[in-house]
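Chain residues, written in single-letter form:
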Amino acid sequence: MYPENPQRIRRLPEILSNQIAAGEVIERPASIVKELVENSLDAGARSVDIQIERGGTRMVRVQDDGSGIHSEDMRLALESHATSKLHTTEDLLSIRTLGFRGEALSSIAAVARISIISSTGNSNTAWSIGFDPITRDFNTGPAAHPAGTTVTVSNLFYSMPARKKFLRSERTEFIYILETVKRLALSAFDTAVRLQHNGRVLMDCRDIDSPDNRVRDLLGQAFIDNAIELDCRNDSLRLWGWIGDETMHRSQVDRQYLYHNNRIIRDRKLNHAIRVAYSEKIPPGRYPVYVLYLEMDPSLADVNVHPAKYEIRFRETREIHDFIHGCIQNALSGQYAGSARIAPITAVAGSGSTCEDIPGIAEVREFNRDYLHPVPKSSSYFTGDSPPADTRLLGSVGNRYVLAERKECLLLIDVAGARKFIVRTRLEKLGAEESLVSRPLLVPVSIHVSYELPDPEGGFQELCRRFGLQLDYAGPGTILLRTIPLILEEADLQRLLEDILEYSAISWTERTASSLKLTRILEHHASSGSSRLEQGSVNALLHQLVLAGLDLDANACPGIWRRLDCKELAEIIEHGV
Ligand code: ADP
Ligand code: MG
């Protein structure tokens, strides 16, 4: 059914069209922080000071010492499609600034109260302008301000109560802001960046001489210690930055920073190039950590694709993809050239070998000790006095595999795979009212975070407790891990805690905290932690495999153990597992 008379077309009032634009640009307080800080960086600021109140819903203030705004342009700055960064169509093809659409301030002014005070430093006077989206009143006048600009945005979405309902808790919104500021601080090494929340300084990157220091402050000492620095160029492209080595992977894609000409971007194809370069280096389901800067002539890319400018269209995507892939692969293999490659154990399907076929156990016992190390006696809490009946530990191969003799056969056991299996089975069988057996840590593991656990009702802590992990606050910004489940005895607890907290922040934000994901994290840490193989823990592990119902006399259990004959053993000694 069509109405008899078509609806007439009307031009939208400016405030409404700005509110529509704001829908794309201003999703949450963090978007305001992003737009304001980008303006400060475009104005050449050497110092940016960000003050946030109540997760940004009450106030966001950004002060810089940049070029300032001409007093006669103050009002224009708040209008849509008004910018100083672009004048002609050609300019659009060679954008070097972060902003260029002239839409940010007008969008913000459509959904919140805004005031700007600015001084160009040329005159003694600063000018201020304020705008209220409901009364639509402008206030302008002289003010006092050092060279630079301060923009204050308050009462976000007060002109659009419906949008306000989509905001999350103060703490969650602040986590978004923190991440946004971190990204910006990593894009401007020569600008000091400070962030305060409710009057507390939570980030203070003052050092403008050392990118290393800034990366360490923002991504942690462990990242810098285990990162490979790279700088590759070809005729038209440069890729530089830091990538985590093969030990530095995470359960989330949360520490992947890729910049294009200093602008953070999300690009599925380029991320893919990086992921593939890492695929042989890190376990499946784990994600690399990197801070990478891709630089090229601006005319080779179109940044005018996405309102918030996160996406970019490249002229030669394939070439860039291959360049990035090559750079990362070289950097990763360069560092590890020469070391034995360790591949997962796969089943010896259909090999048909039986115990009787395998000669040479006597020789195995005489093996060159450089290759086959005795398994040391353990001091671990989680030990077994002896291996299961008919089984004898012969030694370890590398720091992941154990060679055992069982009923005249040789077994090569993947300790990491076995631990993972045990943890997974144990967690899968955990009843709703049950919790894992844990033990207190003599010295709790502590971690410093710049925000508190975003867990107001304690739900995440409760979930962790069921898994045998007791998390406690110890003063502002410090979180302690006090107990661990016995099955994680061998894990690297610092990394485990980092992963859990990172997951808690994200899951809480997304409201998807799940025991399944936590299970995956524990599984991973159970298998990847310790490189010390000790008799006690290996014995205990073998007993547990038997308890879990696995038959150690079977030919193989994919990913956990397999039978060996002497030829295979010789190959292992020659080439690694
Ligand atoms: P865009 O950044 O896309 O140009 P904005 O709406 O963010 O659009 O800003 C409009 C204009 O206001 C900018 O082009 C710039 O000239 C001016 N401006 C905004 N913030 C600042 C600042 N902190 N310092 C100097 N000029 C600024
Ligand atoms: Mg801008």
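Thresholds applied
- Residues numbered from 1 in each chain as written.
- Chains lettered and ligands numbered in written order.
- Predicted model: local features only at pLDDT ≥ 70, side-chain atom pairs only at ≥ 80, totals over all residues.
- Heavy atoms only, no water.
- Near = heavy atom within 4 Å.
- Polar contact = N/O pair within 3.5 Å; in protein donor to acceptor, adjacent residues only side chain to side chain.
- Helix = DSSP H or I, 4+ residues; strand = E, 2+ residues; numbered from the N terminus.
- Nonpolar A, V, L, I, M, F, W, Y, C, P; charged D, E, K, R; others polar.
- Axes fitted to C-alpha atoms, helices over the stretch in contact; angles between N-to-C directions.
- Left-handed = near helix turned anticlockwise from the far one by under 90°.
- Contact = heavy atoms within 4.5 Å.
- Salt bridge = Lys/Arg side-chain N within 4 Å of Asp/Glu carboxyl O.
- Buried < 20%, exposed > 50% of the residue type's maximum accessible area, 1.4 Å probe, protein only.
- Arc of directions from axis to C-beta.
- Core = buried A, V, L, I, M, F, W, Y, C linked by side-chain atoms within 4.5 Å.
- Domains from an automatic or database assignment.
- Pairing = 2+ DSSP bridges.

Trainee: I'm lost on the site of ligand 1 in this one. Help?
Mentor: If you check the shell around ligand 1, you find 19 residues, and the closest are N39, T83, S84, K85 and G102. Between ligand 1 and T83, the relevant distance is 2.6 Å, taken from an oxygen atom to a side-chain nitrogen or oxygen of the residue. In the model, an oxygen atom of ligand 1 is placed 2.5 Å from a nitrogen or oxygen of the S84 side chain. Those elements that place two or more of their residues in the shell around ligand 1 are α2 (29–42) and α5 (104–111). Classifying every residue of the shell around ligand 1 by side-chain character gives 7 nonpolar, 8 polar and 4 charged.

Trainee: In this structure, what is going on with the packing of α2 against α5? I would like to understand it.
Mentor: A pair of packed helices can be characterised by two numbers: the angle between their axes and the separation between those axes. One way to put it is that α2 packs onto α5 with a least axis distance of 10 Å and a crossing angle of 145 degrees. Considering only the axes of α2 and α5, their crossing is left-handed. Facing α2, whose interface residues are I32, E35, L36 and N39, α5 presents A104, L105 and I108. Its residues placed into classes, the contact of α2 with α5 shows 5 nonpolar, 1 polar and 1 charged.

Trainee: Where do I start with the pattern of salt bridges in this structure?
Mentor: Opposite charge on two side chains permits them to pair, given that their charged atoms come into close proximity. In total, this model carries 24 salt bridges according to the counting rule given. The residue K34 makes a salt bridge to E38 at a minimum N-O spacing of 3.3 Å. Taken together, the residues span about one helical turn, with K34 and E38 both in helix α2 at a distance of 4 residues. Residue K34 is classed as buried on the basis of its relative accessible area, which comes to 6%. Given a relative accessible area of 5%, E38 falls into the buried group.

Trainee: Where do I start with α5 in this structure?
Mentor: In terms of burial, α5 is a largely internal element, 8 of the 8 residues being buried. Buried within α5 we find A104, L105, S106, S107, I108, A109, A110 and V111. Residues of α5 that are buried make contact with α1 (14–25), α2, α3 (74–77), β3 (113–119), β4 (126–131) and β6 (148–154).

Trainee: Help me understand helix α8 (residues 211–219), please; the structure alone is not making it clear to me.
Mentor: Because an α-helix packs 3.6 residues into every turn, residues spaced three or four apart end up facing the same way. If you check which residues of α8 are buried, you get R214, V215, L218 and L219. One face of α8 carries all of its buried residues, which in axial projection span an arc of 105 degrees. Two residues or fewer after α8 comes G220, characterised by a positive phi angle close to 100 degrees.

Trainee: Got a minute to help me understand the nonpolar core in this structure?
Mentor: Soluble globular proteins: nonpolar side chains tend toward being buried together. Residues I50, I114 and L186 are the most contacted members of the largest nonpolar core, which totals 66 residues. There are two domains that each give this core at least three residues, and those are domain 1 (14–207) and domain 2 (212–335). Counting 46 residues, the second-largest nonpolar core is a separate cluster that includes L393, L471, I484 and L496.

Trainee: Can you walk me through unusual backbone geometry in this structure?
Mentor: Most peptide bonds adopt trans geometry, and most residues besides glycine take a negative phi value. With a phi close to 50 degrees, N155 is a non-glycine residue in the positive phi region. Along the chain, N155 turns up in the loop between β6 and α6 (161–164). Even without being a glycine, N198 presents a positive backbone phi close to 45 degrees. Within the element layout of this structure, N198 appears in the loop between β7 (192–197) and β8 (200–205). Classification of N198 as partly exposed rests on a relative accessible area of 43%.

Trainee: Honestly, the sheet that holds strand β13 (residues 263–264) in this entry has me stumped. Any pointers?
Mentor: The pairing of strands in a sheet comes from backbone hydrogen bonds and takes either a parallel or an antiparallel form. The sheet built from 5 strands is open, its strands ordered β9-β10-β15-β12-β13 with mixed pairing. Two strands bound the open sheet, and with one partner strand each, they are β9 (227–233) and β13. Across 2 bridges, strand β12 (residues 256–260) lies against β13 in antiparallel orientation. Residue pairing for β13: H260 is matched across the bridge by R263. Contacts from helix α7 (residues 170–185) reach β12 and β13, with the element oriented near 50 degrees to β12.

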